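Inside the fold
Here are the chains, one letter per residue:
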Amino acid sequence: MRFARRRALAALLLSPLLLSPLLAFAADWPSRPITIVVPAAAGGTTDIAARLLAQKMGSSLKTSVIVENKAGGGGSIGTAYVARAKPDGYTLLMGNIGPVAINFSLYKKLAYGPNDLRGITNVISVPNILVVHANSPIQNVQQLVALGKQKPLTAATSGVGQSPHMSTELFRQQSGLDVTLVPHSGAAPAVTALLGQQIDFMIDNLPSSMPHIQSGKFRALAITSRERSAQLPDVPTMREAGVPMDVTAWFDLLAPAGTPDAIVNRLQQAAHEALQSADIRRTFAELGGVPGGETAAEHDAFIAQERKRWAEIVRAANLSLD
């Protein structure tokens with residue numbers, strides 16, 4: 001008993017000594033550039049959001065914030081890289097609904113686990129959009145579904161497990177059309193495939209297809225949100241088009257587990273400040289997105305809810321990947 005008391009007292013006396021280096025480290029942070037890893041190819045919504053945020057956060061934190069693309073594996077390669085990184089606040093992840101939520105129920109094996117990352121804040125939420133090339137004879141969802149029941153169609157996705165992929169899977173199930181999915185390493189390569197008319201249609205995050213809708217290269221057939229988009233008021237929702245499905249994609253900032261609270265809080269504050277800026281809010285609105293800014297605790301709770309929701313969807317769809 002006496003020995004146990006001595007050990008407890010020693011631990012109590014030592015704890016400030018053990019914590020002081022961490023506190024000093026957090027106080028001096030950041031002392032060098034920060035890297036935000038994008039687990040997808042350049043040009044997609046994840047990349048767009050990361051680059052807009054990086055510039056603003058760099059000014060707030062008084063250091064350079066660099067964006068580095070590490071595409072592949074439905075976002076799992078870049079995500080695993082950050083999960084294994086030193087938890088010092090210098091390597092962050094611009095995550096999204098795929099690798100942060102969907103992949104845990106979709107893949108049998110991943111190089112990272114649900115407890116390997118901690119949330120900083122949500123960045124942007126966007127609907128997905130069903131588009132065809134402007135030269136396509138398909139004018140609406142009903143025509144697309146009818147054609148898909150007559151012959152096999154092809155659709156590009158921005159990566160296995162990403163929300164466009166899962167939206168296409170849901171669309172296929174709900175409509176009963178015959179479609180082969182062609183995965184790409186990100187939204188930009190998938191968009192390029194549709195621009196080249198190499199595939200019949202795609203469901204994409206709205207921001208990466210919006211410029212091509214506005215330029216007249218893509219024809220928008222339906223949006224996956226519950227309500228129509230203010231930027232595309234004439235485009236019906238999937239439900240209005242007769243396909244009962246709702247999907248909202250989200251993108252967020254995360255750090256490796258073990259990153260000190262003091263650093264996470266400073267990152268959250270810098271991101272929140274950036275997301276409140278007039279130019280980012282205007283740009284996000286033009287892209288059809290809604291800015292975030294949750295606290296770290298709020299965002300961790302949101303991620304947990306989304307993982308549970310998508311686990312049910314994946315299980316009901318009987319989807320599984322090695």
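Heads up: these notes are all about the structure in this document. In this text the structure is predicted, and so the values were computed from the model without any measurement.

Conventions we followed
Residues numbered from 1 in each chain as written. Predicted model: local features only at pLDDT ≥ 70, side-chain atom pairs only at ≥ 80, totals over all residues. Heavy atoms only, no water. Helix = DSSP H or I, 4+ residues; strand = E, 2+ residues; numbered from the N terminus. Axes fitted to C-alpha atoms, helices over the stretch in contact; angles between N-to-C directions. Parallel < 35°, antiparallel > 145°, perpendicular 65-115°, else oblique. Contact = heavy atoms within 4.5 Å. Nonpolar A, V, L, I, M, F, W, Y, C, P; charged D, E, K, R; others polar. Core = buried A, V, L, I, M, F, W, Y, C linked by side-chain atoms within 4.5 Å. Buried < 20%, exposed > 50% of the residue type's maximum accessible area, 1.4 Å probe, protein only. Phe/Tyr/Trp six-rings, centres within 6.5 Å; stacked < 30°, edge-to-face > 60°. Lys NZ or Arg CZ within 6 Å of the ring centre and 35° of its normal. Left-handed = near helix turned anticlockwise from the far one by under 90°. Pairing = 2+ DSSP bridges. Polar contact = N/O pair within 3.5 Å; in protein donor to acceptor, adjacent residues only side chain to side chain. Salt bridge = Lys/Arg side-chain N within 4 Å of Asp/Glu carboxyl O.

1. Some words on unusual backbone geometry
The phi angle of most residues is negative, glycine excepted, and most peptide bonds adopt the trans form. The linkage connecting Trp-29 with the following residue, Pro-30, adopts the cis geometry, with an omega of 0°. Positionally, Pro-30 belongs in the loop between α1 (2-28) and β1 (34-38). Phi at Lys-62 takes a positive value of approximately 60°, unusual for a residue other than glycine. Among the secondary structure elements, Lys-62 is positioned in the loop between α2 (45-61) and β2 (65-69). A positive phi angle, near 55°, is found at Gln-197, a position not held by glycine. With respect to the secondary-structure elements, Gln-197 resides in the loop between α7 (187-195) and β7 (201-205).

2. With respect to the packing of helix α4 (residues 97-106) against helix α6 (residues 163-175)
Relative to each other, α4 and α6 sit at 50°, their axes nearing to 10 Å. Our classification of the angle between α4 and α6 gives oblique. Two secondary-structure elements touch here, α4 through Ile-97, Ile-102 and Leu-106 and α6 through Ser-163, His-165 and Met-166. Across the contact of α4 with α6, the residue classes break down as four nonpolar, two polar and no charged.

3. Examining the nonpolar core
By size, the foremost hydrophobic cluster in this structure holds 44 residues, and its most contacted members are Leu-130, Val-141, Leu-144, Phe-171, Phe-201, Met-238 and Trp-310. When residues no more than four places from it in sequence are discounted, the contact partners of Met-238 are Leu-130, Phe-171, Ile-203, Ala-222, Ile-223, Thr-224, Val-243 and Met-245. Grouped together as the second largest cluster of nonpolar side chains are 34 residues, Ala-49, Tyr-90, Val-123 and Ala-296 included.

4. Structural notes on the packing of aromatic side chains
Taken as a whole, this structure holds four aromatic pairs when the rule is applied. Ring plane angle 55° and centroid distance 6.2 Å describe the contact between Trp-29 and Tyr-90, whose orientation is recorded as tilted. Taken together, the residues Trp-29 in the loop between α1 and β1 and Tyr-90 in the loop between α3 (76-83) and β3 (91-96) connect sequence positions 61 residues apart. Using a relative accessible area of 2% as the deciding quantity, one classes Trp-29 as buried. On the numbers, 5.4 Å between centres and 80° between planes, the contact of Phe-104 with Tyr-112 is edge-to-face. Its relative accessible area of 24% is what places Phe-104 among the partly exposed residues. The positively charged end of Arg-32 is found above the aromatic ring belonging to Tyr-90, 3.8 Å away from the centroid. Above the plane of the ring of Tyr-81 lies Lys-70, whose end atom (NZ or CZ) is 4.4 Å from the centre.

5. Examining the packing of α6 against helix α11 (residues 296-317)
Two numbers describe a pair of packed helices, the interaxial angle and the distance between the axes. The geometry of α6 relative to α11 is characterised by a closest axis approach of 11 Å and an angle of 45° between their N-to-C directions. With respect to α11, the element α6 is oriented oblique. Relative to α11, the crossing made by α6 is left-handed. Only Trp-310, Ile-313, Val-314 and Ala-317 of α11 make contact with α6, whose side of the interface consists of Met-166, Leu-170 and Gln-173.

6. Side note on the pairing of β7
Of all the five residues making up β7, five are buried; the element is thus mostly covered by neighbouring parts of the structure. Of the strand pairs in this sheet, strand β4 (residues 117-133) and β7 are connected by four bridges, and their pairing is antiparallel. Residue Asn-128 lies in a different strand from β7, and its bridge partner there is Asn-205. In this structure, strand β5 (residues 153-157) lies alongside β7, joined through two bridges in parallel fashion. Counted as the bridge partner of Ala-155 is Phe-201 from β7.

7. Remarks on the environment of Asp-204
With respect to the secondary-structure elements, Asp-204 resides in strand β7. Along the backbone, Asp-204 and Thr-295 are 91 residues apart, and their C-alpha atoms lie at a distance of 28 Å. In contact with Asp-204, not counting residues within four places along its chain, are Pro-127, Asn-128, Ile-129, Pro-164, Ala-187, Val-191 and Ser-209. Reaching out from Asp-204, the side chain makes a polar contact with the side chain of Ser-208 at a distance of 2.8 Å.

8. A word on the pattern of salt bridges
Taken as a whole, this structure holds 10 salt bridges when the rule is applied. Here Arg-226 and Asp-246 are joined by a salt bridge, their closest N and O atoms 3.6 Å apart. Placement of Arg-226 in the loop between β8 (218-223) and β9 (248-256) and of Asp-246 in the loop between β8 and β9 is noted, with a sequence separation of 20 residues between them. Residue Asp-246 pairs with Arg-239 through a salt bridge whose shortest N-O separation is 2.8 Å. When salt bridges with common partners are traced through the structure, they connect Arg-226, Arg-239 and Asp-246 into a single cluster.

9. A word on the pairing of β8
Within β8, five of the six residues are buried, which leaves it mostly tucked inside the rest of the structure. Sheet topology note: the β4/β8 ladder contains five bridges and is antiparallel. When the sheet's bridge partners are listed, Ile-129 is paired in β8 with Ile-223.

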